[in-house]
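# Analysis of the macromolecular model
One-letter residues, chain by chain:
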Amino acid sequence: MRTPNTPHISGRWLRIGSATTATAALLLAGLGIATQADAATPTPHKVSARTVAAQVAKAHVQYESACDATPKKGYAACNALRVTGGTTAYMEKQAALKGVTPKTIKPDASSATPTGYGPTDLQSAYGLTSAASSNGSGETVAIVDAYDDPNAAADLATYRSYYGLSACTVASGCFKKVSQTGSTSSLPTADSGWAGEISLDLDMVSAIAPNANILLVEADSSSMEDLGTAVNEAVKLGAKFVSNSYGGDEESSDSTYDSSYFNHPGVAITVSAGDSAYGAEYPAASKYVTSVGGTKLSTSSNSRGWTESVWKTSSTEGTGSGCSSYDAKPSWQTDTGCTKRMISDVSAVADPATGVSVYDSYGSDGTGWNTYGGTSASSPIIASVYALAGTPGSSDYPAQYPYNAAGTSALNDVTSGNNGTCSTSYYCTAGTGYDGPTGWGTPEGLDAFTG
């Protein structure tokens with residue numbers, strides 16, 4: 001059960017929306033079919049690229065915020081969106097390959113098999129197939145979330161087993177769950193919504209960096225102080241990569257949080273840009289972190305096999321971006337339209353309609369296989385790419401690394417779409433080079449994430 005009256009940042013509420021995804025053309029060779037032990041992998045059906053494209057274009061889902069509660073100033077909401085109905089792009093693709101009518105997701109119904117993108121899809125989309133296989137051993141990716149997920153280890157095992165990934169267990173030392181003070185026994189109160197967020201984060205680390213160790217640090221609450229304390233604990237325990245899939249309204253006190261919780265040179269700290277469309281959030285606005293925006297990820301007939309645009313479902317649902325009201329601009333950020341910190345730096349998939357597969361079995365939201373979207377997916381993906389790229393320099397702020405690679409083939413430049421209306425175009429509209437919703441783009445291998 002969710003913890004009653006769990007407070008969250010003002011402006012967060014239960015959201016139910018719809019999203020669509022379409023591609024101009026699809027070839028069977030570019031569909032990124034999973035090669036893991038995946039019972040859902042279809043036997044290819046002879047069908048034209050035009051027919052496949054038309055079917056994938058029908059993807060349409062309903063979803064809800066995973067962490068909905070009574071808003072309260074000084075608290076954060078997670079940026080996870082759980083698909084509750086409709087048909088995802090992955091489901092449309094599988095149906096096209098089989099030559100059958102796609103199934104639909106029913107609200108709160110358990111799916112026997114995944115309905116979202118899996119590890120092979122994501123590794124293919126971001127040029128990480130080889131690196132995911134050979135890199136990441138000895139690195140630790142930390143996940144910071146609020147409240148406890150009692151089934152975290154078991155659900156992680158189910159996800160990894162299904163996709164043929166190596167086991168990552170407490171017994172082997174690969175997976176560790178602690179409180180914000182480092183305790184393995186005295187853990188926070190359990191919460192169903194945040195458990196879904198936790199499952200999403202753990203599964204994305206597994207998908208991108210399956211050889212890495214995973215440290216889950218659970219904050220006592222979703223207050224900025226507790227979450228920040230959990231970040232410090234993750235770094236104290238040796239993590240060089242820390243993902244934060246939460247955020248809230250900016251406040252004048254953010255600079256204090258910056259110095260207290262996020263100023264960790266030599267550590268790649270990633271933060272979701274938010275799911276409420278155009279507008280800046282904290283801690284994505286911190287000058288010490290890599291702020292991660294969200295895209296719609298679709299299969300394509302191009303040489304990459306994928307295409308991306310800015311994720312936007314409506315005027316209030318889409319990736320966050322914008323010019324911070326309070327946080328100072330880091331020296332490595334050189335856009336001229338914003339005198340303070342600009343969000344985002346880079347991006348990854350976030351649209352629920354093109355969402356990712358997650359296994360979660362705890363509480364009212366724990367219905368087994370689910371599809372999730374939101375920039376909560378983007379942040380752990382990018383943290384894991386940093387982990388594949390190797391330990392950052394001890395005095396580095398790794399948020400600078402993508403800027404060193406700006407304009408190169410190490411990043412997929414996202415040039416279409418917007419997340420709202422703004423007076424300065426690049427704050428909310430994608431274009432060639434840097435823009436707020438997608439930063440410098442999405443990963444194409446590791447070169448943009450190493451010093």
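Scroll up to find the structure.
Residues numbered from 1 in each chain as written. Predicted model: local features only at pLDDT ≥ 70, side-chain atom pairs only at ≥ 80, totals over all residues. Heavy atoms only, no water.

Time to look at the side chain of Asn 244. Mapped onto the fold, Asn 244 is located in strand E8 (residues 241–244). For Asn 244, the side chain forms a polar contact with the side chain of Tyr 246, separated by 2.9 Å. Once residues within four sequence positions are removed from consideration, Asn 244 is found in contact with Val 144, Val 231, Ile 269, Thr 270, Val 271, Ser 272 and Ser 379. (Helix = DSSP H or I, 4+ residues; strand = E, 2+ residues; numbered from the N terminus. Polar contact = N/O pair within 3.5 Å; in protein donor to acceptor, adjacent residues only side chain to side chain. Contact = heavy atoms within 4.5 Å.)

It is worth spelling out the pairing of strand E4 (residues 81–87) at this point. For E4, the tally of buried residues reaches 7 of 7 residues, placing the bulk of the element in the interior. As judged from the 6 bridges shared by strand E2 (residues 60–65) and E4, these two strands associate in the antiparallel manner. When the sheet's bridge partners are listed, Ser 65 is paired in E4 with Leu 81. Pairing of E4 with strand E19 (residues 368–373) involves 2 bridges; the strand directions are antiparallel. Each residue of the ladder has a partner; that of Arg 82, found in E19, is Tyr 372. (Buried < 20%, exposed > 50% of the residue type's maximum accessible area, 1.4 Å probe, protein only. Pairing = 2+ DSSP bridges.)

Tallied over the entire structure, the rule returns 4 disulfides. Linked covalently through their sulfurs, Cys 168 and Cys 174 form a disulfide whose S-S length is 1.9 Å. Between Cys 168 and Cys 174, the S-S torsion sits near -90 degrees, and that sign places the bridge as left-handed. This pair shows no difference in class: Cys 168 is buried, exactly as Cys 174 is. Covalently, Cys 422 is tied to Cys 428 through a disulfide, its sulfur atoms 2.1 Å apart. Handedness here is read from the sign of the S-S torsion; for Cys 422 and Cys 428, about -80 degrees, the answer is left-handed. Just as Cys 422 is buried, Cys 428 falls in that class too. By sequence-ordered numbering of the bonded cysteines, the protein chain has its disulfides arranged as 1-2, 3-4, 5-6, 7-8. (Disulfide = S-S within 2.5 Å.)

Our next topic: the nonpolar core. For soluble globular proteins, the rule of thumb is that nonpolar side chains tend to be buried together. Ranked by size, the top nonpolar core spans 106 residues in total, and within it Leu 122, Val 144, Leu 202, Val 242, Tyr 246 and Phe 262 carry the most contacts. For Leu 122, the contacting residues outside a window of four places in its chain are Tyr 117, Met 204, Ala 207, Ile 208, Leu 297, Val 349 and Val 356. Val 61, Ile 105, Ala 350 and Ala 353 belong to the second largest nonpolar core, which has 9 residues in total. (Core = buried A, V, L, I, M, F, W, Y, C linked by side-chain atoms within 4.5 Å.)

This part takes up unusual backbone geometry. Trans peptide bonds make up the majority, and among non-glycine residues the majority have a negative phi. The linkage connecting Tyr 282 with the following residue, Pro 283, adopts the cis geometry, with an omega of 15 degrees. For Pro 283, the position within the fold is in the loop between strand E10 (268–272) and strand E11 (290–299). Between Ile 343 and Ser 344 the backbone carries a cis peptide bond, its omega angle lying at 20 degrees. With respect to the secondary-structure elements, Ser 344 resides in the loop between strand E16 (340–343) and strand E17 (346–349). Despite not being glycine, Tyr 147 shows a phi value in the positive range, around 70 degrees. One non-glycine residue, Ala 277, lies in the positive phi region at around 70 degrees. Its place among the elements puts Ala 277 in the loop between E10 and E11.

Time to look at the packing of helix H5 (residues 152–162) against helix H6 (residues 192–208). Viewed as axis vectors pointing N to C, H5 and H6 meet at an angle of 40 degrees, and their least axial separation amounts to 10 Å. In terms of axis orientation, H5 runs oblique to H6. Here the hand of the crossing between H5 and H6 comes out right-handed. Where H5 abuts H6, its residues Ala 152, Asp 155, Leu 156, Tyr 159 and Arg 160 lie against Ile 198, Ser 199, Leu 202, Asp 203, Met 204, Ser 206 and Ala 207. (Axes fitted to C-alpha atoms, helices over the stretch in contact; angles between N-to-C directions. Parallel < 35°, antiparallel > 145°, perpendicular 65-115°, else oblique. Left-handed = near helix turned anticlockwise from the far one by under 90°.)

The next point concerns the side chain of Ser 192. With respect to the helices and strands, Ser 192 occurs in helix H6. Overall, the relative accessible area of 0% leaves Ser 192 in the buried class. A polar side-chain atom of Ser 192 sits 3.1 Å from the main-chain amide nitrogen of Asp 365.

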